[in-house]
Amino acid sequence: MASIILPASPSESRPGRFGVYGGRYVPETLMAALVELEREYEAARADAAFQAELSSLLHDYAGRPTPLYFASRLTGQLGGAKIYLKREDLLHTGAHKINNALGQGLLAKRMGKQRVIAETGAGQHGVATATVCALLGLECVVYMGEVDMARQELNVLRMRLLGAEVRGVSSGSRTLKDAISEAMRDWVTNVRTTYYLLGSALGAHPYPTMVRDFQHVISKEIKQQLLEKEGRLPNAVIACVGGGSNAIGAFYEFIPERQVRLIGVEAGGYGPALGEHAARFRGGVPGVLQGTFSYVLQDEDGQIALTHSVSAGLDYASIGPEHAALHDTGRAEYTAQDDAAALDAVIRLSRTEGILPALESAHAVAEALKVAPTYGPHDILVVNLSGRGDKDMGILARELKL
Ligand SMILES: *Cc1c(COP(=O)(O)O)cnc(C)c1O
């Protein structure tokens, strides 16, 4: 069956495994549900009608293809490589999350599930899920840590307006990790009627593969657009990495193109010590968290470490398993930018290009500011601008004393 929007076939040699990473580490009660999900997803991706429906919603509803914009003033200021921005911030609901929410929402509907649950940190995935549920006529419950509900109040209100029920989570650190645990508990209890719409390239198989497939459209478009504009591939693609969905989406098409550098940017927070950042490749070690084997920030006893980032979307103790494999093989490079650099990048991009990036995306912009001058004027960097910054105005007003 011709591929319309999803990659033709997955690159991993064993389903759900990326080198030694990935897999399915869940309670017995969820095994059957994950096997069913895998089977249904495989059937959907082989169905041209499913792909055609997704493709048309991505186009007419979400706003794809997103532009690949040449940032000429920023390029001129830095005096190095040409910088292109992939404008995922222009999508409906303001970030790349809608690509995955639409794909999985259609799958839930196809599977006959009437109830959708999701977890959310900053609220962006919750808003995307609530949006898709409204569109498809599905019931929606979103789990969110109480700390996150307080710092992302606008998104809580948006979800409620869209008809979703937002359930506050008061256990643990009351942030994303605890919301995921609560969503998994709900799923175990209601698995027959309920679809769990996971928001990043994380969790047990088939989620990391499926979410990556739904985000792959980003790199597919970058490649086409850049070939049209420049007649060549980029020297490097740069993306921020929380769970890893926007980055794997921006990288995937280029993985076989060995000459293209793939640079993932983690949250450096405010310091290098455990608890001060969310850079899993700076101090994390392989371990299992929430269904998958990957790098995890943990203490010597294996207790999950607290993490910090000014951007809630990058503030998580583990990273998608495909990134763990890309890291170990050296195919992708991972670096970190700290809170201060991300805030500087927000100001820089806002005032140079009139584009207000999400704090998450600003980590990728900060890396580009550093890397661009090391290249020449014929070289090309693509920065994946995963989302827009409006949601961060409260934090920005406080941090930048606007
Ligand atoms: C959620 C989010 C992220 C982080 O999630 P990934 O799965 O790593 O992409 C990055 N940028 C924006 C704008 C987000 O909303």
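One structure accompanies this document, and this report is about it.

**Observations concerning the packing of helix α4 (residues 97–110) against helix α5 (residues 124–136)**
Closest axis-to-axis distance for the α4/α5 pair is 9 Å, and the angle between their directions is 40°. Taken as axis vectors, α4 and α5 run oblique relative to one another. Crossing handedness for the pair α4 and α5: right-handed. Along the contact surface, α4 presents K97, I98, N100, A101, L102, G105, L106 and K109, while α5 presents Q124, H125, A128, T129, T131, V132, L135 and L136. Residues of the contact of α4 with α5, tallied by class, amount to eight nonpolar, six polar and two charged.

**Comments concerning the pattern of salt bridges**
Evaluated as defined, the whole model comprises 28 salt bridges. Taking the shortest distance from any N to any O, the salt bridge between R64 and E88 comes out at 2.7 Å. Within this pair, whereas R64 is found in the loop between α2 (48–62) and β3 (68–70), its partner E88 is found in the loop between β4 (82–87) and α4, the two being separated by 24 residues in sequence. Comparing R64 with E88, the two get one shared label, buried. The salt bridge involving D186 is made with R167; its shortest N-O contact spans 3.7 Å. Placement of the pair is D186 in helix α8 (residues 176–190) and R167 in strand β7 (residues 165–169), with a sequence separation of 19 residues. Through salt bridges with shared partners, a single network forms among R115, E139, E165, R167 and D186.

**Regarding the environment of I263**
Assignment of secondary structure puts I263 in strand β10 (residues 261–269). Owing to a relative accessible area of 1%, I263 belongs among the buried residues under this scheme. Ignoring any residue separated from it by four or fewer positions in sequence, one finds I263 in contact with A236, V237, I238, A239, F251, E333, T335 and E367.

Procedures and definitions
- Residues numbered from 1 in each chain as written.
- Predicted model: local features only at pLDDT ≥ 70, side-chain atom pairs only at ≥ 80, totals over all residues.
- Heavy atoms only, no water.
- Axes fitted to C-alpha atoms, helices over the stretch in contact; angles between N-to-C directions.
- Helix = DSSP H or I, 4+ residues; strand = E, 2+ residues; numbered from the N terminus.
- Parallel < 35°, antiparallel > 145°, perpendicular 65-115°, else oblique.
- Left-handed = near helix turned anticlockwise from the far one by under 90°.
- Contact = heavy atoms within 4.5 Å.
- Nonpolar A, V, L, I, M, F, W, Y, C, P; charged D, E, K, R; others polar.
- Salt bridge = Lys/Arg side-chain N within 4 Å of Asp/Glu carboxyl O.
- Buried < 20%, exposed > 50% of the residue type's maximum accessible area, 1.4 Å probe, protein only.

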